[in-house]
Amino acid sequence: MVAEIVPLSLLQDNYAYLIVAGKSAIVVDPSEASPVEQRLKASGLRLLAVLNTHHHGDHTGGNERLKSETGCRVIGPQGERRRIRSLDEEVKEGDRFALAEVDFWVMGVPGHTRSGVAFYCPSLSAVFTGDTLFLLGCGRLFEGTPGQMAESLRKLATLPGETRVYCGHEYTGKNAAFCLSLFPDDEPLRSRLSRNLPAVTVPGTIAEERASNPFLRVHDPQFRSRYFPGFTAEAAFASLREKKDAFV
C-alpha cells in the first residue's frame, strides 16, 4: 500500500501532516482539530493515531478533541505525560513502530525542547522534524543547549539526501532573509535562492538543507573556516542562533 502525505495549514503558519494509507490516517502535530476532522470526513478516513514531536500547544492543541472524537492513540516523547495530558504511548530515540503499514523510526532531537523527537519514515523518504529543523533554519532553544541542538541537527543531516523534510512551520522566507543578511556571497545559498521562493515551500530535502542551511553547515570545517574561524561546531551554532534570535 502506497501512503500519501497531505500537509494541512493551521493557525498562522503551522503545519500538521496527514499520512494517508488506504482509508486509514495518522496526523502529525495537530495544533487544532477542526481542519483535521474536516479532511477526515471529506475523505472518509479513519484516524489511527496522533504523533507529537514535542509538547508545545501549537503542536498538540487538537489532541484531546481528536482522541475523543475518533478514539485514536496519541504518541509522543518520553517523559511528557504531564505536559501532553492526552498522551497514550511514549517514544524515544531508537524506537520503531508501524501504523497502517507505514514504518516510523524515532529520532531523539533535544534542543528546542528537552525531549523533542522527529519521526523518520524510510518507506516514504520523509522525516517530520517539528520545530527542530526548518527549511534554511532551526528552532529556538527553549529548553535545550546549543550543543544538544547542534547534535540533533547533525543527526538529521545524516539521513539520505532524498529524504523530504516536513517541518512544523512555514518560516522559509524569513529564514532566507536572515541567511542572506549574514552570507550574501555564499554560493550554495545564492544558488538555492536564485529561484523565487513559493508561498508554500514545504517539503524540502535533506540534501538541500545539508548544502545551504547554515545551522547544519556549522559541522562543515570549510564553512566554519570561512565564516567562523577558530570556532568549534557548537560555538559556531551558538553564535548563529544568537544572531537569529536578535534578527528582525
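The following paragraphs examine the structure supplied in this document. It should be emphasised that the depicted structure is a prediction, and the values quoted were computed from it without experimental measurement.

**Here's the deal with the pattern of salt bridges**
If you walk through the whole model with that rule in mind, you get 13 salt bridges. In this structure, the salt-bridge partner of R140 is D245, at a minimum N-O distance of 3.2 Å. Taken as a pair, R140 in the loop between β12 (137-138) and α4 (146-157) and D245 in helix α10 (residues 233-246) lie far apart in primary sequence, 105 residues in all. Residue R140 is classed as partly exposed on the basis of its relative accessible area, which comes to 39%.

**Considering the sheet that holds strand β14 (residues 204-205)**
Here 6 strands make up an open sheet; going across it, the order is β7-β8-β9-β10-β13-β14 and the pairing mixed. Of all strands in the sheet, those with a lone pairing partner are β7 (96-99) and β14, marking the two edges. In terms of strand pairing, strand β10 (residues 126-130) meets strand β13 (residues 164-167) through 4 bridges, oriented parallel. Following the sheet pairing, F128 is matched in β13 by Y166. Contacting β8 (102-108), β9 (117-121) and β10, α4 runs over the sheet at an angle of about 150° to β8.

**Here we look at the packing of helix α5 (residues 172-182) against α10**
In the contact formed by α5 and α10, the axes pass within 11 Å of each other and the chain directions differ by 120°. Judged by the angle between their axes, α5 and α10 are oblique. With respect to the hand of their crossing, α5 and α10 are arranged in right-handed fashion. On α10, the residues touching N175, F178 and L182 of α5 are L240, K243 and K244.

**Re the nonpolar core**
Counting residues in hydrophobic clusters, the biggest one holds 58 residues, and the most contacted among them are I19, L51, F97, F104, F119 and F128. Apart from the residues within four sequence positions on either side, F104 is in contact with I19, I26, L51, D95, R96, F97, L99, F119, Y120 and C121. By size, the runner-up hydrophobic cluster in this structure holds 19 residues, among which are V6, A16, L18 and V20.

**Quick word on α10**
Compared with the 20 Å implied by 1.5 Å per residue over 14 residues, the 20 Å span of α10 between its first and last C-alpha is a close match. Listed as buried for α10 are A233, A236, F237, S239, L240, R241 and K244. Packing partners of the buried residues in α10 comprise β12, α4, α5, α8 (214-217) and α9 (221-227).

The rules behind the values
Residues numbered from 1 in each chain as written. Predicted model: local features only at pLDDT ≥ 70, side-chain atom pairs only at ≥ 80, totals over all residues. Heavy atoms only, no water. Salt bridge = Lys/Arg side-chain N within 4 Å of Asp/Glu carboxyl O. Helix = DSSP H or I, 4+ residues; strand = E, 2+ residues; numbered from the N terminus. Buried < 20%, exposed > 50% of the residue type's maximum accessible area, 1.4 Å probe, protein only. Pairing = 2+ DSSP bridges. Contact = heavy atoms within 4.5 Å. Axes fitted to C-alpha atoms, helices over the stretch in contact; angles between N-to-C directions. Parallel < 35°, antiparallel > 145°, perpendicular 65-115°, else oblique. Left-handed = near helix turned anticlockwise from the far one by under 90°. Core = buried A, V, L, I, M, F, W, Y, C linked by side-chain atoms within 4.5 Å. Expected span 1.5 Å × (residues − 1).

Any link to function would need more than the numbers given here.
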